[in-house]
Each structure stands twice: as C-alpha cells, then as structure tokens.
Amino acid sequence: MSTRLAKQGRLIDRSKKIDFTFNGKRMQGYAGDSLASALLANDQVMMGRSFKYHRPRGVVAAGSEEPNALMQLGTGDRYEPNQRATTTELFSGLSAASQNHWPSLEFDVLSINNKLSRFLTAGFYYKMFIHPRPLWKHVYEPIIRKSAGLGAAPEAELKDPDTYEHFYFFADVVVVGGGVAGLQSAKAAAASGAKVLVLEQNNHWGGRAPVDGGTIDGEAPEVWIEKTLEELRGMKNVTLRDRCMSSGVYDHGYVLGYERLTDHVPGQGGPRHRLWRIRAKQIVTATGAIERPLSFAGNDVPGVMLAASMRDYVVNWGVNPGQKVVVATNNDDAYRTALCLHEAGVEVVRVVDARETGGGALMEAVREKGIRVELGRAIAKVKDGPRVTKVAICAQNGEGGAREEVEADAVAMSGGWSPVVHLWSHCGGKLNWDKENAFFRPDPARPPLGDNGAGFVIASGSANGNLGLAAVLEDAAAAGAQASEAAGFPAKTTQAPKGVSEDESLMEPVWLMPAKADIKLRMKTWLDYQNDVKVSDVQLAAREGYESVEHTKRYTTLGMATDQGKLSNINGLAILADSLNSEIPQVGTTTFRPPYHPISMGAIGGEARGEIFQPVRKTPIYDWNDANGADWEPVGQWRRPFAYTRSGESRHDAVNREVKNTRENLGLLDASTLGKLIVKGPDAGKFLDMMYTNMMSNLKIGKCRYGLMCSENGFLSDDGVVARIDEDTWLCHTTTGGAESIHGHMEEWLQTEWWDWKVYVANVTEQYAQVAVVGPKARKVLEKLNNKAGGGMDLSKDALPFMEWRDGQIGGFNARAYRISFSGELSYEIAVAASEGQAFWDALMEAGKEFNVMPYGTETLHILRAEKGFIMIGDETDGTVIPQDLNLQWALSKKKEDYLGKRAHLRSHMADPDRWKLVGLETVDGSVLPDGAYARGNGINANGQQNVIGRVTSTYYSATLGRGIAMGLVKHGPKRMGEVIEFPGTDGKIYQAKIVDPVFYDKEGEKQNV
Amino acid sequence: MLILECPYCGVKAEETELSAGGEAHLKRYGPGSNDDEFHDYLFMRENPKGVHFERWRHANGCGKWFHAARCTMTMEVFGTYSAQTYEPPQEIKDKITAKRPGWSWREYSDASE
Amino acid sequence: MSNPVTATNGAEFTGIATVKDAGLQGMITLRGDLSSSVLGAAVKAATGAEVPAQGKVSVVESGAAAWMSPDELLLLVPYGEAVAKTAALAEALSGEHALAANVSDARSYFSISGAGARETLAKIAPVDLSPEAFAAGDFRRSRTAQVAAAFWMEEDGSFRLVCFRSVGAYMFNLLSNAAHPQSSVDVY
C-alpha cells in the first residue's frame, strides 16, 4: 500500500491539514501536496481507467508528463474534466473524481474492452466500422463515443464564472524552466544587464536537483537554489514567475506563458489564468528531461511508476508508493530511487538491471545496503489485481521464459531520459540523435531562426542533453551568456558554480523487455498509456505499411493524447525503427507542436467574454433606441434596430406599422452608421473618378450624386451618395459596413499606386449623428424646429432641392442637411455633432408628435427601398455581381478613360448576355417569396441537379402594396417581363412568381421631389 | 507571429497590428491592356519557397502601407521599405544577396550573378 | 442649444488603476506636410504646441499635438473651440495641400492613472509598456484587444487614450476589466 511517511516531504507543511474528496470519499492531505501525492498518501494508487480498454491505471509520473491520472475537478460551473492530478495543487475543499468508467472506478462495465483487446488493435475502428455506411452514424459512432473518451464535457448551459486575461511583455532573454539550469542561465544572462524573465511551471523552484542530490559549490542544491533565487529577486532587470508554464515558442521570438493564478485558491477573485504574450530576443529552454518508461508486459498496472517520480513522491511529499518495490532499469539513475526508498524504510525487493555489466558507483552503494541487484535481467510481466501483486523476472536477452516471481506492490522503472526539446522544436529547431544516451538532443547548429536569420532559442542543461550536475551547470552558464550576447548585451564572465554528482556508467538502450518478448507479452506492453497504444500496435502498423512516423502516429494514435506522447514517443519510435529494420534517427520524430501541455480555452480567449466578448459599436442614439423597443440587429459590429416593437406587437406588425407611417406621415431613421469620408486635395476629383464608376469630378458644389464602386475585377463593392463640399473637397457616404474598408481601399490606391496624387482622406463617420427625416411631413417637422429656435436654414424645395446639401442651423443645432432619399419619400438626412445626436433626436421626436412621428428600423429601410427598386449592397450583390447585372449601366461613365473595374467589364464573361439580371418578382398569389430561393429551369446539370435560372436577392411583405414583393437575378430577366417562373421553397411549396419591373412604387419618382 | 518594422512610424509591429496585402510590385493593367496582361495582373501570383516581396499595412497603427522582403521558409525579414516605389530598393536587394546568394523573384535577382 | 455628451457619460472605475471618461475633448485631425513651416505655425497657433517628433506627443497647457503618421497629426484643443480652430487651420493652410477635420465628437477619450496604469494597458495592447520603453511624451497607435486606439503618457505618469466613439462603452469596460483590483501583475 502507499502511505505517508513519517519523515521527508520537503514541499509539504504537516502543520496545515487540508480536506478534500475523491469520488465522494473524504480524504486529507497537507498544504504543498499535489492532488496526486495526496491521493497516494491515502493509498489511492488507482486514479483512472484507460481511454480504450478501460484498464485500471495509476499515477506514473509526478509532473506534467503524467498520462494516467486525469481527473474531473470541481463541481457545477467550476467543473473541469481531464485535469492532471500531478499538476493540481491541493486546496481545501477540492473535489476530484476519476473519469472514463461506469459505474465506478473499481468496477467498470466497459473494462470488457480489455478482454477484447486482442481484437481492438490499431486501425480497428477504420477496418471494422467502414461498412455498411449508415451504421456508422447511428450505431457504431454513438457506442464508440460512449465507450472511448476522457472526462465528461461540462454541461452546455453552465458558464465559467472565472475571468482570464492576457499580458504583453517584452524581454531580452526569456528563460523557460526554474530548475538549477534555468536559474544559472538566468543569472548569467542577467549579469549582462539584459532584461530577463524566468518562467517556472511549478509552484516551487529548483527542479529535480533537490531530489537527485549532489552538491553545488560544496553545498546541498537547496542552499544554492535559495541563494540564487534571492540574488535574482534582488535584480531589477529580472522577473521571476512561478506557476507559469511556457506553452509554446513561435516565430520571431514570440513565447506564450500560461500563468495559473487562482487554480490553487479557487474563487479568490481576480483572473484565474493569465496568458503572457511575450516577445523575447532570445529564449533559453531549460526545460529539463523526462524519464522514459520501460516496455514490459503490465507496465501500466497501478503501482508501476517512473523511478525518478517515485523518488519525487518520497522526497518532495513524504509519500511512499508501496511497501515492497521492484526497481527495473537500464541506467544508473534508478539506483538513486533504490537508495531513496531504502532510506525511507521501504523494502526494495530487487533491482532488475537489463545491462549485463550493470552500473557504477550508485549500484555499488545499493549493493552495500544489502539490496539484491540482478544484472542482465528483465521484468517479464507484472501481475495485477488490479494493483501490482507480483513481478515475474526473466533474462533480458530472451523471450520471457524461465521466470522468477517475486511479491511486490510497486515497480519503479527507468528506461533512460529524454531531454524536453518541445520548445526548441516548436519553431523549427532541429535535433540530433545521441547514440550514447539514446535520446534526441538539440542541434545547436540548427536552431529556430528569428527575423534576423539568426537562432533565437538556446537549450540549457539537461534539456540540452547534459546529464550530471557539473555538466548541467556549465552548460547553463554558457547558455545564459550566449543568450545575452545574442540579445545585444555583452556577457560578463560568469563562472559556473561547481556541481558534483555521482559518476554514472553508461545506460544501455532497452526498447523491449525482455528483448525478444513473445506476442502475448507485447500485447500487454504499453507505449502510450493515455491512448492505449501497445508495442504490438506499432509493430502491426509497420507490417501494414505505415512506414512514416507521422502515419504510424495517426494510425495507432501513438502520442496523440493530451500528454502529446511525452513518455511514449521515443519508445514508440524505437519500436517502429526496429520493425522497419531502420535506425531511430532515420525514422525521425513526429512534429512537436504547441501547447507543450494543455492550456485553458479561457486563457486563450483572455478578456473576451461577456460584455466585452467583442466590441459592439453604438451610435449616439443607442441608449434611446434600446429603451424604446429596438429589436437589435447586428450589422457588422454595429447594432441597429431592426424594428421598434411596441408592447403586444409582433416584429412583423411593427415593421408594417413603420412602413405605412413613413409613407403616410413621418419616420425617423438613425442613419449614423453610414460611412462618411472626406476626400480633399487638388487631385481629389481625379481620384474619385477612379474610385467611382461614374463621374464625380464634375459634381457641382452643393450637390449630391449617387455613386457606385467596383473592385479592380469589376464586381460591385460599395455605393453611396457623394456630396461636393468645396472646390477641392468631397464627402463620400459609404454603406454601414463599408466605412473602414472603403477608407482603407482609398488609402491603398493613394499610397501604393497614385502616390504622387495630392489627395487626403479622413474618416469622419463617427463625428456625426445622422438622422433620416422621412415622409410627407419631413419638411414640416424641420421647419417647426426652426420656427421654435427662431430661425434656421431654408429647407424649401427651391432653397434645398432634391440631391443637394446645405450647412446651417436646424432647431438651433449646427447641422448639415442632405436632400437625399433611399425611400422614395420626401427625405432629409441631417448630420449633427455626435455629442448632440441624442438631443437632436429628442427634439425631432418632440416636434414630430403632431405629425405622428415614429422611428423606423432597418427592415423598414429595406422595404421602402425595395418598393422603389433600389439595390442594396450585400443583398443584390454578393461579390460576383457587376453593375450591368443590376441595370446600372447609366452609372458607368463612358467619358472616363479609366476607373476601377472598367477594364474588367470588358472580359468575356462579364459581357456574357446570359448573365442573370435584376428584375422585380411578384408572386401570383401575393405571398412572400422565400429569401434566397432559386428559380428552376429545364433539365439537369452534369451533377444531376436541377438547372436553375435565377435567384431571389431581396424579398419582403410590402405593407404599402399589401402583397409580397421581391427582387431577383434572372437569366435574360429583363427580356422576360410578364413570364411566370417557379421557385421551389424549402417548405416543399412551389412559389409561382411573375417577372416585373423592379420599381413597385411611385415609378415616376414624384414623391421624393416635392 | 511575425514582427515587421513599419518604415513610416518606426514601430516594430506584431502581426496583430498589421494586415497582409499580398504580393508586392504588381504593375497595374487598365483599359487598353490585352486579356492576358489583365488576367495575369488580377490573378497570377508568385508562391515562392524562399525570398518573397509582400505588401503590408500598419492597419492598427499609422495606417500606412509598406513593403516587406522576407523568406517564406525561415521567416527571416530582409527589410521593410516604402510603398512608394515600383521595385525593391538596391539596399534591400543587396541585403538579400548577402543572405541568399543566387536569389531571384520575378524580374529581380542577385545582381552579382 | 444642447449640452453635448460623451459616449460614456463621465464613467469611472478604480482598481489597480483608475479608468476615467476624460470628458469632451476638442480633437482635430490634421493631414499635411509635417515639415512645412506654415503647418508648424498653424499647429502652434491652434494648440500652442510644436509639431511633435515621430512617435511623440507635445503637450502644453492649452493643448497638444500628437504624431499619428508621417502626414497626420492629432491636435487637442478645448472642446468648445474645435470648430473655430478647425476653420482657422483650414484658412491658415489654404495655400498648401492639407486637410483639417474636426473629430472631437468622433472619439472617446479616457485617462488611466495610478500604480497599475502601465499594466492595465499592457493587458490589452501589444506594446512594451515597461518604464524603459514607454515614458512621458511617448505616443502610440495600436490595437487594444479588438479595436484600434492611440495612447500616450503624460508627465504625471498617467495615460490618455483615444478611440472611436462607437466603441467608447467597450473601451471603458475593457479598461475596467483590465484594471480589476485583484489583477495586479506586479512587474511595473
């Protein structure tokens, strides 16, 4: 059994007891515990079930590489699945539950998969469930989804109550990892005066050194760590962050730091996670190394752990993972575990060393303690029940026969070490295979390259493939100095502290234990714990032709789980290489991609949630609209009232009321969102003649003209009314969505093509609140305002005719009035300062009472314009429509030699007489055509689909006409007036519609011209 | 995520301040051009693995368009320069030659060859 | 006639920094040749400030001039004088190619002050806001979360920030959120 030891536990505070629950059971740990160490202290070795076979699994590691101990943490709106017990700090009230089992961890119905595992090999799902097709969706997939998987997804309706934020930070040198290598690199870099940021993923500094022992400058590593930390904390140019993991390295020195602020004190307030978005001139990766498991049958049985992690539990948290432990190894480091366990009073049953010649001084030290060491031996099999009960030992160089069985309740295994090269590799750093140590290490000659073409990542310490304190510290000092030099800070000579640790003899690669294990053993020998990939799966993939490591990865899912193969990749590669009769460096690694370790979606989203999920653009009249029934519609980032609904009124009723009232009395539209661009300069006229298809240079001062814009490839991009302000100034209205894009479009042409033209453009869209005063009473209400104010601009037909504008005062407000109409009614668009917009609107509403004024929304705007046959960018156009399609030839200047789109209109497809053209559409029965419906033609096309001859672009119920009206693009449309065509609806109905003139109302245009 | 120095305001801007504007140094063909010229102007673009010339706009910044010469493979930036030019300045071409001898892109190439 | 109002109506929030609607502020966009002595004189006449260097703002008692781009300045003048000063600028620059536009009402204007002001901004803008990199008189246009903005530092260490009026409420909420009292990063 696993228990808390009476002594040891450098990270726990035994005076602070902490209560928590696991699967509803009350347990106790200490401050400083991880959830994993606390569970072990409570004899909870089994922590979950595996992904595919539902095998019982225990914790294997002590850090972020842990593949098994995934938990569902928290309850209610703070519930989160798939959290690692090893990286979860214990806190009072923590509630954890294991996952992927039913009904309970101890008894799981789906562990039947384990019995069937013979059949559930790599590619099983692909092979088995491909036929018959329909069964996949309705039978296979639901079952597989239920049986496979990690934690349950949170309830869809619950919202995360926590907040998150980003933080932008700039540093000369970022050191990732706060172990002794990271601290020494930081010290060396900081001595140069460079600005240094050090990120440590854990809540404690120093990494493995305090556990592994040895001395630094003659003292215990802890002493040196404390001193160095103190020194660094005292430096103004150094920032230290713990609980902050670097999750990725990206182009041009971009590094992400994932800081966990309140995970260990939930509900404390303030952001839960902070995502550091860092720019570094140089990055030092001092990310250490991860121990590899050994591949033997039953290496996933709860109680089998990495040897160094077992040591961590003893030294850091005072937890012994078992009473009788077998240590299996191919290197000297695992002997430290044997010594550590022995010292903690745990019986070390055997050390099984696969090397015929065994190890060096550490082995001798173990033997001196009376521990039995067996050389050239292997674990044949670990027996479970469900935890480790017995270990069968055999010769390494055999098939697993002639076993000796020993009783044990835990196994410590060590298959050697792999430098953590993830961050080095994220952005293209290359690796070399180190044959002696059997690992990939960074190739300093091929680092990731930055914007200046030079390397910007330097690996340090064991992440750089150095083992032993002396080598680690020397390398770390050099890496820090190199980083500061490269960042432009000449390094001060920094003497590396002297590290001393026991000499170790060479490890020996052992990729399978025993070397010739038979198939029965290989089928119980796990490579990837989290995704349940076995040695036999990788061998099968190789036999089936998956020779590329990337293909094997995807076929077997090796290394694709949330741990991204931190433990399994190298072991898997070795098996693949062996199966292919190739060498590991030839097979190569899969691609390392960020994040190194999963980070929360909340951290990625940062502040963007709730009210500030995205910017909502508000007009000066927004609050009034909101308080007066606005049924909001998003238009780009703006919110515009679709209609103003009154109590008891449907949307449809409101729209009909607004349409009728505007036609008969007086309507007000908040038109502030329309883009307004000032274009000024000696060449402004010439420039606008290029921008618009029609002529703008000859527009008279004081007058307005409707203009069309095309892109260079001829398609309509925007439209709006242009006003000539003075000799060299024009004001261009754009669509609501077009203000920024058309401003950018103009700047683009001015800056990149006609840069010698003297034109300035300013976007003054938001300077004004613009109100469309529309309807037969429009002039009356404005004149009333002027009368009340004792004067103002002359708004009569003669003083301000249709398609002209004037500056002056209206109702005491400084205003610009445009006589333009998008409704066909008498209409003024009045622009006042945005800061006075609400006051002006209030004045209009007040004065308009006697004229039965009503505000109207965008739907009424659409209906009014559709009744008049006016096109709308985005309805009648979709990026493939040219002015000719909309019968707008009149707006294409023949006088101008050039304008954007002119050349494109000459292309053969643009001049095709078969292009669909704009017509009006009237249903035979007066109903409303479905939006976007297609008109059917004769026959079928090459794909067997019904041929189509047109589509609906705008369709509304016209309260004015008491029937449905629509516009659409129809093949040869204008030549087919009166013809009835058919539009099948998605409701199964066939709509019959007559092709008519698109102007449905006031064809002569008399109403707007009064 | 790239950083490009805006030659107009001197800011070393990260990509979220910028908007990409496609290939640089396109020659505009308008009325009077033949179909092939116009087609190539609208649609034909380089897609090099290596030296490339691009347009960028410092959209969330000074608003200016500029040119960037960079390597699409290594992300190395050889330089940024004014948008008001029909071809890469000699200084930029020299920088590229120093780093990528024998380079070529459309009609431009290592002048030393 | 009426009392002009800002988009956020005097809103204020205090956490690690104090975020405040800085009220109505006269603002003029001036485009032209920044090296022109006529323009320099007109700017001086309008604001009392000199034409600023690239990336800088010159702040004087009566106003300020900020460097927006190689051919654009943002001039700060008293709100009530913006219309007249825009006209005066246009008049003074009638002989040159220039554009002066009153944008006082197109903007929202905030102050961010207090110990956490740098960190508040550094949470939303990809800009180095460390004291080494950003000091009084520095002016920067950038992205703040999802919208464009410009900000600068005053002599007293507080910041002023300008954005479009339509996103004034978003900006106030964004800044207030970044200034949450329990969100100090403790680096500046």
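Reading the values: rules and limits
Residues numbered from 1 in each chain as written. Chains lettered and ligands numbered in written order. Predicted model: local features only at pLDDT ≥ 70, side-chain atom pairs only at ≥ 80, totals over all residues. Helix = DSSP H or I, 4+ residues; strand = E, 2+ residues; numbered from the N terminus. Rg over C-alpha atoms; globule rule 2.2 N^0.38 Å. Buried ≥ 20, exposed ≤ 12 C-beta atoms within 10 Å, placed from the backbone. Contact = placed C-beta atoms within 7 Å. Pairing = 2+ DSSP bridges. Axes fitted to C-alpha atoms, helices over the stretch in contact; angles between N-to-C directions. Nonpolar A, V, L, I, M, F, W, Y, C, P; charged D, E, K, R; others polar. Parallel < 35°, antiparallel > 145°, perpendicular 65-115°, else oblique. Left-handed = near helix turned anticlockwise from the far one by under 90°.

Caption draft 1: Seen up close, the overall build of chain B. Across its full length, chain B carries 2 helices and 8 strands. For 113 residues, the compact-globule formula gives about 13 Å, and the C-alpha radius of gyration of chain B, at 15 Å, lands near that figure. By principal-axis analysis of the C-alpha atoms, chain B measures approximately 40 × 35 × 20 Å. Taking all 113 residues of chain B together, the buried fraction comes to 36%. Within chain B, contacts between residues at least 6 apart in sequence are counted, and of these 47% link residues at least 24 apart.

Caption draft 2: Here's a closer look at the overall build of chain C. The helix and strand tally for chain C stands at 4 helices and 11 strands. For chain C, the C-alpha radius of gyration of 16 Å lies close to 16 Å, the compact-globule estimate for 188 residues. When each of the 188 residues of chain C is scored for burial, the buried share is 59%. Nonlocal contacts in chain C, meaning residues at least 24 apart in sequence, comprise 61% of its contacts between residues at least 6 apart.

Caption draft 3: Structural detail: the interface of chain C and chain B. Counting from both sides, the interface comprises 10 residues of chain C and, opposite them, 11 residues of chain B. Within the residue set of the side of chain C that touches chain B, elements represented by two or more residues are β5 (63-69) and β9 (139-144) of chain C. The biggest single contributor to the side of chain C that touches chain B is β9(C), with 3 residues.

Caption draft 4: Seen up close, the sheet that holds β5(C). All names here are of chain C. Ordered by their spatial adjacency, 5 strands build an open sheet running β4-β5-β6-β3-β7, and the pairing between neighbours is antiparallel. In the strand order of this sheet, the two ends are held by β4 (57-60) and β7 (99-102), each with one partner. Each strand axis lies, on average, 20° off the axis of its neighbour in the sheet, ignoring direction. In the sheet, strand β3 (residues 26-31) pairs with strand β6 (residues 72-77) via 6 bridges, with the strands oriented antiparallel. Residue pairing for β6: methionine 27 is matched across the bridge by leucine 76. Here helix α1 (residues 37-47) sits on the sheet in contact with β3, β4, β5 and β6, set at roughly 25° to β6.

Caption draft 5: Region of interest: the interface of chain A and chain C. Every contact between the two is made by 38 residues of chain A and, on the other side, 41 residues of chain C. Every element with two or more residues in the side of chain A that touches chain C is listed here: β9 (164-176), β36 (675-680), β40 (760-763) and α24 (837-848) of chain A. Residue contributions to the side of chain A that touches chain C peak at 5 residues, all from β9(A). The residue inventory of the side of chain A that touches chain C, partitioned by class, reads 17 nonpolar, 11 polar and 10 charged.

Caption draft 6: Looking closely at helix α21 (residues 684-691) of chain A. Residue and element names in this part refer to chain A. α21 sits mainly inside the fold: 6 of its 8 residues count as buried. For α21, the full list of buried residues reads Ala684, Phe687, Leu688, Asp689, Met690 and Met691. Against β36, β37 (704-710), β38 (716-726), β39 (729-734) and α22 (738-752) lie the buried residues of α21.

Caption draft 7: Region of the structure containing the sheet that holds strand β25 (residues 410-414) of chain A. All names here are of chain A. One open sheet holds the 5 strands; their spatial order is β17-β25-β19-β20-β21, and the pairing between them is parallel. Lying at the two open borders of the sheet, with one neighbouring strand each, are β17 (304-306) and β21 (373-375). Neighbour-to-neighbour, the strand axes of the sheet open up by a mean angle of 20°, direction not taken into account. With 5 bridges joining them, strand β19 (residues 324-329) and β25 adopt parallel strand pairing. Bridge pairing links valine 327 to alanine 412 in β25. The sheet contacts of helix α8 (residues 307-317) involve β17, β19 and β25, and relative to β17 the element is tilted by about 90°.

Caption draft 8: Local environment of the packing of helix α14 (residues 535-543) of chain A against helix α15 (residues 549-556) of chain A. Residue and element names in this part refer to chain A. One way to put it is that α14 packs onto α15 with a least axis distance of 10 Å and a crossing angle of 125°. With respect to α15, the axis of α14 lies oblique. Crossing of α14 against α15: the hand is right-handed. Facing Asp537, Val538, Ala541 and Ala542 of α14, the residues of α15 in contact are Thr552, Tyr555 and Thr556. In terms of residue class, the contact of α14 with α15 is built from 4 nonpolar, 2 polar and 1 charged.

Caption draft 9: Representation of unusual backbone geometry. The step from A:Gly385 to A:Pro386 runs through a cis peptide bond, and the omega angle for that step is -15°. Secondary-structure assignment places A:Pro386 in the loop between β22 (377-384) and β23 (388-395). Cis geometry marks the peptide bond from A:Met513 to A:Pro514, where omega comes out at -10°. Tracing the backbone through its elements, the reader meets A:Pro514 in the loop between β30 (499-500) and α13 (519-522). Non-glycine residue A:Met803 carries a positive phi angle of around 65°. Mapped onto the secondary structure, A:Met803 falls in the loop between α23 (778-789) and β42 (805-810). Taking the C-beta count within 10 Å as the criterion, A:Met803 has 17 such neighbours and is therefore assigned partly exposed. The backbone phi angle of C:Ala145 is positive, close to 50°, even though this residue is not glycine. Here C:Ala145 lies in the loop between β9 and β10 (147-153). The class of C:Ala145 is buried, set by 22 C-beta atoms lying within 10 Å.

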